[in-house]
Amino acid sequence: ISAQHSNGSFGYNASDSIESLDFTEEAIIALASADYQKNSKVSAALSWLSSKQQSNGCISDGFRTALGAIAFNSFGETQKSQNALNTKTRPALIRS
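Residues numbered from 1 in each chain as written. Predicted model: local features only at pLDDT ≥ 70, side-chain atom pairs only at ≥ 80, totals over all residues. Heavy atoms only, no water.

S.K.: Looking at this structure, how should I read the side chain of S9?
M.R.: One can find S9 in the segment before helix 1 (21-33). Looking at S9, its side chain comes within polar contact range of the side chain of N7, at 2.8 Å. If sequence neighbours within four positions are ignored, S9 has contacts with A3, Q4, E19, T24 and W48. (Helix = DSSP H or I, 4+ residues; strand = E, 2+ residues; numbered from the N terminus. Polar contact = N/O pair within 3.5 Å; in protein donor to acceptor, adjacent residues only side chain to side chain. Contact = heavy atoms within 4.5 Å.)

Written out as structure tokens, the structure is:
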């Protein structure tokens with residue numbers, strides 16, 4: 001949590017000011033795996049990630065879309081997870 005930015009994203013560590021899709025997705029998944037309860041920090045991370053989701057459900061590329069789906073699902077954001085894995089994005093996931 002100490003590496004979380006004020007906008008909800010995560011960087012590599014607390015002194016890293018760069019927003020990272022990968023680190024944010026991985027942080028959300030790690031928090032869920034550690035039974036961290038959904039609170040304002042988690043909600044901010046999920047909101048930031050959601051802002052990166054395109055209208056077709058993709059998040060940048062197949063790898064990040066798959067990680068995003070896992071991250072969303074890990075805190076019960078099933079609609080966002082399903083959007084990431086909709087029929088329009090499945091071919092992109094397979095190609096990545």
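S.K.: What's the story with the packing of aromatic side chains in this structure? I'm lost.
M.R.: What describes a pair of aromatic rings is the distance from one ring centre to the other and the angle between the planes of the rings. As enumerated under the stated definition, the model contains one aromatic pair in all. Relative to F23, the ring of Y12 has its centre 5.6 Å away and its plane inclined at 55 degrees; by these criteria the two rings are tilted. Highlighted residues: Y12 in the segment before helix 1 and F23 in helix 1, separated in sequence by 11 residues. A relative accessible area of 60% means that Y12 is categorised as exposed. (Phe/Tyr/Trp six-rings, centres within 6.5 Å; stacked < 30°, edge-to-face > 60°. Buried < 20%, exposed > 50% of the residue type's maximum accessible area, 1.4 Å probe, protein only.)

S.K.: How do you make sense of the pattern of salt bridges when you look at a structure like this?
M.R.: Where charged atoms of side chains with opposite charge meet at close range, the side chains can pair. In this structure the tally under the stated criterion is three salt bridges. Between D22 and R64 there is a salt bridge, and its shortest N-O distance comes to 2.9 Å. Taken together, the residues D22 in helix 1 and R64 in helix 3 (residues 62-74) connect sequence positions 42 residues apart. Residue classification places R64 among the partly exposed residues on the basis of a relative accessible area of 22%. The salt bridge partner of D61 is R64, with a shortest N-O separation of 2.4 Å. Classification of D61 by relative accessible area gives partly exposed; the value is 28%. (Salt bridge = Lys/Arg side-chain N within 4 Å of Asp/Glu carboxyl O.)

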